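Summary of the model geometry
Here are the chains, one letter per residue:
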Amino acid sequence: MDGVPGSVGTGAGFSLRLGQTLFSSASLLFMSLGVEFYSYTAFCYLVTIMGLVIPWSFTLALVDGYSVLVKCPVPVRQPGILLIIAAGDWVLSVLTLAAACSTASVVDLLSHSGGSYCPPKCCSRYQLSAAMAFLTWILSLASALLNLWLLPSL
């Protein structure tokens, strides 16, 4: 059970959760700097999903950080709680991928439409937001896979 790096209650798990929190916050920040994001549904969807990922990842980062600092057995390694965490990771991972892909496709469409729909400064911020969302998805997928790997050993 302790041999799975990146699972709940490990230092690598803390790093993954902290990375998820930072990248999703950056994605939300870059998207929110452009005041026109509400004009497109894909951008609103990204803001909503990043708004869900930030508290989820930050809360689990706090749990991981506490368990690493105190070096005590993690109470979340009970099968029921770990199942909820693994399911939440999978759901948020899929939603994050959908938000990142939809945002990237809308930004690509806007940037190749002649520039009249998206000023270059806004389009570059939207592209950065989509890139940060993809990085959030990669870390979220890693967390989901590692927690799923830990689940049968309980």
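Throughout what follows, the structure given in this document is the object of discussion. (Residues numbered from 1 in each chain as written. Predicted model: local features only at pLDDT ≥ 70, side-chain atom pairs only at ≥ 80, totals over all residues. Heavy atoms only, no water.)

1. A few points about the overall build of the protein chain
Within the protein chain, the secondary structure is distributed over four helices and zero strands. Within the protein chain, buried positions represent 42% of all 154 residues. For the protein chain, restricting intrachain contacts to residue pairs at least 6 apart in sequence, the fraction spanning at least 24 positions comes to 83%. When the accessible surface of the protein chain is summed, it comes to about 7800 Å², and 76% of that surface belongs to carbon and sulfur atoms. Charged side chains of the protein chain number 5 positive and 5 negative; the gap between the two group centres comes to 8 Å. (Helix = DSSP H or I, 4+ residues; strand = E, 2+ residues; numbered from the N terminus. Buried < 20%, exposed > 50% of the residue type's maximum accessible area, 1.4 Å probe, protein only. Contact = heavy atoms within 4.5 Å. Areas by Shrake-Rupley, 256 points an atom, 1.4 Å probe, with all protein chains shown as cover. Lys, Arg positive; Asp, Glu negative; His and termini not counted. Charge placed at Lys NZ, Arg CZ, Asp CG, Glu CD.)

2. Side note on the packing of aromatic side chains
With the rule as written, the count across this model stands at two aromatic pairs. Ring geometry for Tyr-40 versus Phe-43: centroids 5.4 Å apart, planes at 70°, classification edge-to-face. Residue class for Phe-43 comes out buried when judged on its relative accessible area of 0%. Ring centres of Phe-43 and Tyr-126 lie 4.5 Å apart, and the angle between their planes is 45°; this geometry places the pair in the tilted category. With a gap of 83 residues between them, Phe-43 in helix α2 (residues 41-70) and Tyr-126 in helix α4 (residues 120-150) connect regions that are remote in the sequence. Of the two residues examined, Phe-43 and Tyr-126, each falls in the buried class. (Phe/Tyr/Trp six-rings, centres within 6.5 Å; stacked < 30°, edge-to-face > 60°.)

3. Comments concerning the side chain of Asp-89
Counting through the fold element by element, Asp-89 comes out in helix α3 (residues 79-111). Within polar-contact distance, the side chain of Asp-89 engages the side chain of Trp-56 at 2.9 Å. If we ignore the near neighbours within four places in the chain, the residues touching Asp-89 are Arg-17, Trp-56, Leu-60, Ser-140, Ser-143, Ala-144 and Asn-147. (Polar contact = N/O pair within 3.5 Å; in protein donor to acceptor, adjacent residues only side chain to side chain.)

4. Describing the nonpolar core
Membership of the largest hydrophobic core comes to 20 residues, with the highest contact counts inside it found for Met-31, Phe-37, Phe-43, Leu-46, Cys-118 and Tyr-126. Residue assignment for this core shows that the elements contributing at least two residues are α2, α3 and α4. By residue number, the principal contributor to this core is α2, which donates seven residues. Setting aside residues no more than four positions away along its own chain, Cys-118 makes contact with Leu-110, Cys-123 and Tyr-126. Listed in part, the nine residues of the second largest apolar core include Val-4, Val-8, Leu-60 and Leu-82. (Core = buried A, V, L, I, M, F, W, Y, C linked by side-chain atoms within 4.5 Å.)

5. Regarding a nonpolar patch on the surface
Together, Phe-14, Leu-18, Leu-22 and Val-68 make up a nonpolar patch on the protein surface, roughly 310 Å² of accessible area in all. Of the residues forming the nonpolar patch, the biggest block, three residues, is contributed by helix α1 (residues 11-33). (Patch = residues over 30% accessible without salt bridge, like charges linked within 9 Å, V, L, I, M, F, W, Y side chains within 5 Å. Salt bridge = Lys/Arg side-chain N within 4 Å of Asp/Glu carboxyl O.)

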